[in-house]
Amino acid sequence: MTPRENVRNADEISTVIRDDNAMLGLGIPERHDVPVAESWAALVKPGDENSTEYGDMIAQLRDFLNYVTAARPDSDTVAALRDDLERWGRRLAPMAVPERDQMFGHLRDLHGRGQTMSPTFVATEADRDNVWGTVRFGRYFLGGNGAVHGGAIPLFFDEVLGRLANSSGRRHSRTAYLNTDYRSVTPVGVDLTVHGWFVSEEGRKRVLRAELRSGDVVCAEAEGLFVRLNPGQP
Ligand SMILES: CCCCCCCC(=O)SCCNC(=O)CCNC(=O)[C@H](O)C(C)(C)COP(=O)(O)OP(=O)(O)OC[C@H]1O[C@@H](n2cnc3c(N)ncnc32)[C@H](O)[C@@H]1OP(=O)(O)O
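Cut-offs used in this document
- Residues numbered from 1 in each chain as written.
- Predicted model: local features only at pLDDT ≥ 70, side-chain atom pairs only at ≥ 80, totals over all residues.
- Pairing = 2+ DSSP bridges.
- Helix = DSSP H or I, 4+ residues; strand = E, 2+ residues; numbered from the N terminus.
- Expected span 1.5 Å × (residues − 1).
- Buried ≥ 20, exposed ≤ 12 C-beta atoms within 10 Å, placed from the backbone.
- Axes fitted to C-alpha atoms, helices over the stretch in contact; angles between N-to-C directions.
- Contact = placed C-beta atoms within 7 Å.
- UniProt positions renumbered as here; feature names shortened; annotations may be inferred.
- Near = placed C-beta within 6 Å.
- Nonpolar A, V, L, I, M, F, W, Y, C, P; charged D, E, K, R; others polar.

### A short note on the pairing of strand β6 (residues 192-202)
Then comes step 1: Sheet topology note: the strand β2 (residues 130-135)/β6 ladder contains six bridges and is antiparallel. Across the sheet, residue V135 finds its bridge partner in β6, namely L192.
Then comes step 2: Two elements, β6 and strand β7 (residues 205-214), share nine bridges in a ladder whose sense is antiparallel. Within β7, the residue paired with V194 across the bridge is L212.

Below you can see the structure in the form of structure tokens.
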């Protein structure tokens, strides 16, 4: 099966599962189908089949984590899953590579860049100083009472603002501070809108802000300082 056929099948499966699981708030994100502005995209060559295939695997892993979170499995299922995971661990362990060669989190042509640490940010529009997009926190990111875990939100803001801070040919910077204000509960399993933008850029210091909304309601907002690294600075 080619990677493209793989995507189609995965999308069909996701559509069915999405309908079944809407009430569980499992939140299966859309993938690969929203164009992004050039400033936000593509360090990996578009059409790299290996990255697309890897991205589909990561999408399955995200869904899997949502299912694990939502399920109350019987003990046979738990034992079978434990054994399967152990087998996969043994298969992957000898394939470890140095950080610069790893795929996880390095596929910048994919929404979510091929990682599961934070939910998939789907950038829909971007310019030099702004990015707009959507995100849906799946069940895996549940803190309690239908609300997203308070630690997952700054992680997501760092993901969006960290990338915007280094976009459009700017030299690499690191997060110096990231302050988050939780304005109202951030719901799990709901499409949220995101806007990140530059407030100022002076010398090495870049101040950026972001806002996460559910409809008209501001769920959380953040301000981050990103400091441009000096040559040779790790
Ligand atoms: C696509 C992927 C997206 C994901 C992106 C994720 C980005 C990240 O999370 S990076 C990882 C988390 N961050 C880190 O590990 C950073 C650790 N800290 C450091 O490396 C350093 O402290 C660093 C680089 C931030 C600044 O150190 P250094 O280069 O020595 O700069 P330094 O001279 O101290 O500060 C520069 C300026 O920033 C200011 N500054 C530095 N830190 C702070 C702070 N926390 N609060 C306020 N101001 C600060 C300084 O006061 C100084 O201002 P001025 O020039 O006006 O005097």
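### Overview of helix α3 (residues 75-92)
Residues lying three or four places apart along an α-helix face the same way, a consequence of the helix completing one turn every 3.6 residues.
Then comes step 1: Over its 18 residues, α3 runs 26 Å from end to end, which matches the ideal 26 Å to within 8%, given 1.5 Å per residue.
Then comes step 2: For α3, the buried fraction is low: zero of the 18 residues fall into the buried class.

### Quick word on the sheet that holds β7
Then comes step 1: Across the sheet, six strands lie side by side as β1-β2-β6-β7-β8-β5; this open sheet has antiparallel pairing. Looking along the sheet, the strands with just one partner apiece sit at the ends: β1 (121-126) and β5 (173-182). The average angle at which neighbouring strand axes cross in this sheet is 20 degrees, direction not considered.
Then comes step 2: Relative to β5, helix α4 (residues 152-165) is tilted by about 140 degrees, and along the sheet it contacts β1, β2, β5, β6, β7 and β8 (217-228).

### Some words on the UniProt feature "domain: Thioesterase" (unreviewed entry) in the protein chain
Then comes step 1: Annotation from UniProt places "domain: Thioesterase" (unreviewed entry) at residues 145-217.
Then comes step 2: Across residues 145-217, helical content stands at 19% and strand content at 47%; the span's end C-alpha atoms are separated by 18 Å.

### Considering unusual backbone geometry
Then comes step 1: With phi around 45 degrees, R113 is a residue other than glycine that occupies positive phi space.
Then comes step 2: Of note, R113 is situated in the loop between α3 and β1.
Then comes step 3: The class of R113 is buried, set by 22 C-beta atoms lying within 10 Å.
Then comes step 4: Phi at S168 takes a positive value of approximately 55 degrees, unusual for a residue other than glycine.
Then comes step 5: One can find S168 in the loop between α4 and β5.

### Re α4
Then comes step 1: Counted at 1.5 Å a residue, the expected span for α4 with its 14 residues is 20 Å, and the 20 Å between its end C-alpha atoms agrees.
Then comes step 2: Of the positions making up α4, those classed as buried are I153, F156, F157, E159, V160, L161, L164 and A165.

### Side note on the site of the ligand
Then comes step 1: Close to the ligand lie 15 residues, the nearest being G162, R163, R174, T175 and A176.
Then comes step 2: For the shell around the ligand, the elements supplying multiple residues, two or more each, are α4, β5 and β8.
Then comes step 3: Residues belonging to the shell around the ligand are distributed by class as follows: four nonpolar, five polar and six charged.

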